[in-house]
Amino acid sequence: MKQFQINFTDNESFRNRLRDFGATCRKAGMSKYFLQIFSEDLVKEKLEEIGNIIEEELPDAEYFGCSSSGNIVNGQFSGSRVTVMATVFEKPTTCFKVLQYSFTHDSYDTVRKELEKEVENNPWVKALELYITIPGFSTTPFCDSLVWLRPDIQIFGGIACSDDISSPDSFVFSKEKGYKEHDILIVMYGGEDFHASSLFLTGWQPLGKKYRITKSDGNILYYLDDTLAYDVYHKYLKIKNDENFFMNALEFPLLYKKDGIDILRVPAGGNEDGSIVMSGDMAEGAVVRMGYGNPSTIREIGREQSRKIQEFRPDIIHIFSCAARRTFWVTDENAVRELKPFGEIAPSTGFFTHGEFIRVDGHLNQHNVTLVIAAMREGEPDMFSNFETPREEEKSARVPMTVRLANFVSVVTSDLEEANKKLENANAELARLNEKSNYFAVHDGMTKLLNRSETQRRIEGRYGFFREDPSESKGFSLVMIDIDDFKKVNDTYGHHIGDEVIIKLAELLKEVSASIPGSFVGRWGGEEFMFYVPGAYESFAKLQAEKIRTGFSELSFESIPNQSISLGVSVARSDEELDKLLTRVDQALYNAKHAGKNRVEVL
């Protein structure tokens, strides 16, 4: 893979650069390439004119791009308000495809389904690059819904932005669909010789005490430990709720734990009721801490991460850096110092974003104030590309006073938390003794799963919550499981063997449930079980049911042949009562039984 910079200054010079680029490619026998466009100007006519010139000079070329808050080339600002980068593929096996869809609160599930078809129809896919216009709604349900993707598929990207990072205006742009203000653009990469690696870095360190979010609604944060969110910022940081709120709070975002990783959420502004508008979703019940950004620490973490990218030995690098992160650095010179180590590794391009995306351990999340790096190459790594590039080191060994004060606060807080922890442990031991006596009131004695009454109680609670707000993120599916021909097992081999079969199935169900946050499983009765799967995605629930079915069929028993199970799947509907849902999932299981057993049926 190779990259070539073709900045736009005026029509004629741009046309000449395209001609030179096309001639170079033809001479080298390279015919597979695309043009990537980042524009700080949100002028539709200008972008359409650029597209027309590309189609006239390079009629076979694919092109796409988005608006930005600054364009990046080789770890530096590009020097042009419209930057065009050409990426050329050298291996015939490498493939790419550009997709573009409407992306609104009502259409994102359609996007998920279309993307699912594209990935299934193109098994060569190894990476997805996302470009999304500023959505105006939570992207979390969409991100969570992509958990079904093969775990080896890399996902990375950014939200389009503009010069004014507080503005809701942005666009994406492609040859097929043109200039759009409410779309998502997805680039699929892959092929036998294509390889990708991605990582993200924040660099902000936790500061002060932990808080639990006691009330939030999407990106509106109301209460931390039952205290108004603004009051927390005002009490500890003396930040006023005025036009300078964002700039003053930028150095102190909240560290929010999701899917096992820290995600930064920046206070974007305060409301009159004492709530704060955050830069992304914050779930009630989550534990957060204020973060403190120390420039020296952030740059050192960046250098460490750049070494990891260098070990991958990429041909090219794509950079997605938050516009708020650029603001944090105060000067563009400091912002470039963070990007420079990556630009020294391989040709790079990217832009300053409104938000960043990256998939880690199978989970895709939207980030803020974060730097996402995507490295790509074709073929095996170049053995000569692992020579160390000289790194800029910090010149001063003196630790700034602000860093020492932040460390002092963190250590004092840790000491207090440790003392509180000892007290909590003593209280927990007392609570454990009480819980032990209550354990058997809600758990099945044989399988240690929830018993039927507790399982039904929890389903009823989730269903009531869903009926109040029937959104996809609060919906759920039920999977009902039954062991095939279980009576024959008991009659032929004895009840002790039947108990072994039930216990092994319960262990498998616990293992699958542990991998799905928010799920739970209970013994419904005899050899029947009920599995609660959060999220109203039929395809995901069916995928989990198939995983359970195949996993159980592969279990070995000491004195009997392998056994099988049948499963029914139903998705909750807001227009029906819970009894109707339970009847449907029971009927789905009945259908599976009468269709030959050892199968999954959806109703």
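Residues numbered from 1 in each chain as written. Predicted model: local features only at pLDDT ≥ 70, side-chain atom pairs only at ≥ 80, totals over all residues. Heavy atoms only, no water.

Brief notes about the overall build of the protein chain
Okay, step 1: Secondary structure assignment for the protein chain yields 15 helices and 31 strands.
Okay, step 2: On C-alpha atoms alone, the protein chain measures out to a radius of gyration of 27 Å, which is about the 25 Å that the 2.2 N^0.38 rule sets for 603 residues.
Okay, step 3: Projected onto its principal axes, the C-alpha coordinates of the protein chain cover approximately 85 × 60 × 50 Å.
Okay, step 4: When each of the 603 residues of the protein chain is scored for burial, the buried share is 53%.
Okay, step 5: Relative to all contacts within the protein chain whose residues are 6 or more apart in sequence, the contacts with residues 24 or more apart total 78%. (Helix = DSSP H or I, 4+ residues; strand = E, 2+ residues; numbered from the N terminus. Rg over C-alpha atoms; globule rule 2.2 N^0.38 Å. Buried < 20%, exposed > 50% of the residue type's maximum accessible area, 1.4 Å probe, protein only. Contact = heavy atoms within 4.5 Å.)

Some points on the state of the cysteines
Okay, step 1: By the definition in use, this model includes zero disulfides.
Okay, step 2: Counting only cysteine sulfurs, C161 is the nearest neighbor of C66, a cysteine outside any disulfide, at a range of 9.4 Å.
Okay, step 3: With no disulfide of its own, C95 lies 18 Å from the sulfur of C25, the closest cysteine sulfur. (Disulfide = S-S within 2.5 Å.)

Observations regarding the packing of helix α12 (residues 486–493) against helix α13 (residues 495–514)
Okay, step 1: Running from amino to carboxyl end, α12 crosses α13 at an angle of 140 degrees, the nearest separation of the two axes being 7 Å. By the angle class used here, α12 and α13 are oblique. Contact residues: α12 offers F486, V489, N490 and Y493, while α13 offers H495, H496, I497, G498, V501 and I502.
Okay, step 2: The residue makeup of the contact of α12 with α13, split by class, is six nonpolar, four polar and no charged. (Axes fitted to C-alpha atoms, helices over the stretch in contact; angles between N-to-C directions. Parallel < 35°, antiparallel > 145°, perpendicular 65-115°, else oblique. Nonpolar A, V, L, I, M, F, W, Y, C, P; charged D, E, K, R; others polar.)

What to know about the sheet that holds strand β4 (residues 71–73)
Okay, step 1: One open sheet accounts for six strands, arranged β5-β4-β23-β22-β26-β13; its pairing is mixed. On the outer flanks of this sheet lie β5 (76–77) and β13 (194–201), each paired with one strand and no other.
Okay, step 2: Sheet analysis places strand β22 (residues 316–322) next to strand β26 (residues 371–378), joined by six bridges and oriented antiparallel. Following the sheet pairing, I317 is matched in β26 by A375.
Okay, step 3: Contacts from helix α7 (residues 295–312) reach β13, β22 and β26, with the element oriented near 170 degrees to β13. (Pairing = 2+ DSSP bridges.)

A few points about the packing of α7 against helix α9 (residues 332–343)
Okay, step 1: α9 packs onto α7 with a crossing angle of 20 degrees between their chain directions and a minimal axis gap of 8 Å. If you check the angle between α7 and α9, you find them roughly parallel. Taken as a pair, α7 and α9 cross one another with a handedness that is right-handed. Where α7 abuts α9, its residues I298, R299, G302, R303, Q305, S306 and I309 lie against N334, R337, E338, P341 and F342.
Okay, step 2: Residue classes in the contact of α7 with α9 are distributed as four nonpolar, four polar and four charged. (Left-handed = near helix turned anticlockwise from the far one by under 90°.)

Considerations on the confidence of the model for the protein chain
Okay, step 1: Across the protein chain, pLDDT averages 89, with 93% of residues at or above 70.
Okay, step 2: Element-level pLDDT for the protein chain is lowest in helix α10 (residues 401–442), with a mean of 66, against a maximum mean of 98 in strand β8 (residues 125–132).
Okay, step 3: Residue range residues 393–401 is modelled with pLDDT below 50. Its contacts to residues more than four positions away, or to other chains, number eight contacts. (pLDDT = per-residue confidence, 0-100.)

Considering the packing of aromatic side chains
Okay, step 1: Taken as a whole and judged by the stated rule, the model has 32 aromatic pairs.
Okay, step 2: Aromatic side chains Y230 and F245 sit 6.3 Å apart centroid to centroid with 40 degrees between the ring planes, which places their arrangement in the tilted category. Separated by 15 residues along the polypeptide, Y230 in helix α5 (residues 229–237) and F245 in helix α6 (residues 245–249) bring together distant segments of the chain.
Okay, step 3: Note on F245: relative accessible area 1%, which makes it buried. (Phe/Tyr/Trp six-rings, centres within 6.5 Å; stacked < 30°, edge-to-face > 60°.)

A word on the pairing of strand β14 (residues 205–217)
Okay, step 1: In terms of strand pairing, β14 meets strand β21 (residues 287–292) through six bridges, oriented antiparallel. Looking at β21, one finds that Y211 is bridged to V288.
Okay, step 2: Where β14 meets strand β15 (residues 220–224), four bridges bridge the pair, whose relative direction is antiparallel. Note on β15: the bridge partner recorded for I213 is L224.
Okay, step 3: Between β14 and the antiparallel strand that follows it, β15, lie two residues; G218 among them carries a positive phi value of about 65 degrees.

A short note on α5
Okay, step 1: Taken together, the buried positions of α5 are occupied by A229, Y230, V232 and Y233. In a view along the axis of α5, the buried residues occupy a sector of 160 degrees, so they form one face of it.
Okay, step 2: Looking at the residues trailing α5, positive phi occurs at K238, about 55 degrees. (Arc of directions from axis to C-beta.)

Notes on the sheet that holds strand β12 (residues 183–190)
Okay, step 1: Read from one edge of the open sheet, six strands run β7-β12-β8-β9-β24-β25, paired in mixed fashion. Where the open sheet ends on each side, the last strands, each with one partner, are β7 (95–102) and β25 (363–367). Each neighbouring strand pair of the sheet contributes to a mean axis angle of 15 degrees, computed without reference to strand direction.
Okay, step 2: Judged from the five bridges that link them, strand β24 (residues 355–360) and β25 form a sheet pairing that is antiparallel.

Structural notes on the pairing of strand β19 (residues 267–270)
Okay, step 1: Summarising the sheet, β19 and strand β20 (residues 276–278) pair through three bridges and their orientation is antiparallel. What sits directly across from P267, in β20, is M278.
Okay, step 2: Following β19, the chain reverses through five residues before pairing antiparallel with β20; G274 in that reversal takes a positive phi of roughly 90 degrees.

Comments concerning the pattern of salt bridges
Okay, step 1: Throughout the structure, instances matching the rule amount to 34 salt bridges.
Okay, step 2: Taking the shortest distance from any N to any O, the salt bridge between E601 and R599 comes out at 3.0 Å.
Okay, step 3: Looking at E601, the relative accessible area reads 22%, which means it is partly exposed.
Okay, step 4: A relative accessible area of 32% places R599 in the partly exposed class.
Okay, step 5: A cluster of three or more residues bridged by salt bridges with shared partners is formed by E40, D41, K46, R81 and D163. (Salt bridge = Lys/Arg side-chain N within 4 Å of Asp/Glu carboxyl O.)

A word on the side chain of T94
Okay, step 1: Tracing the backbone through its elements, the reader meets T94 in the loop between β6 (82–88) and β7.
Okay, step 2: For T94, the side chain forms a polar contact with the side chain of E378, separated by 2.5 Å.
Okay, step 3: Non-local contacts of T94, meaning those with residues more than four positions away in its chain, are made with K32, F89, G190, G191, F194 and E378. (Polar contact = N/O pair within 3.5 Å; in protein donor to acceptor, adjacent residues only side chain to side chain.)

Some thoughts on the environment of D225
Okay, step 1: Checked against the element boundaries, D225 lands in the loop between β15 and β16 (227–228).
Okay, step 2: The exposure class assigned to D225 is partly exposed, which follows from its relative accessible area of 31%.

A few points about α12
Okay, step 1: Residues of α12 that are buried: F486, V489 and N490. For α12, the angular spread of buried residues about the axis comes to 95 degrees, placing them on one side. In α12, the exposed positions angled more than 90 degrees off the buried face are occupied by K487, K488, D491 and T492.
Okay, step 2: Against the buried residues of α12 lie β27 (476–483) and α13.
Okay, step 3: Trailing α12 by a residue or two, G494 shows a phi angle of about 105 degrees, which is positive.

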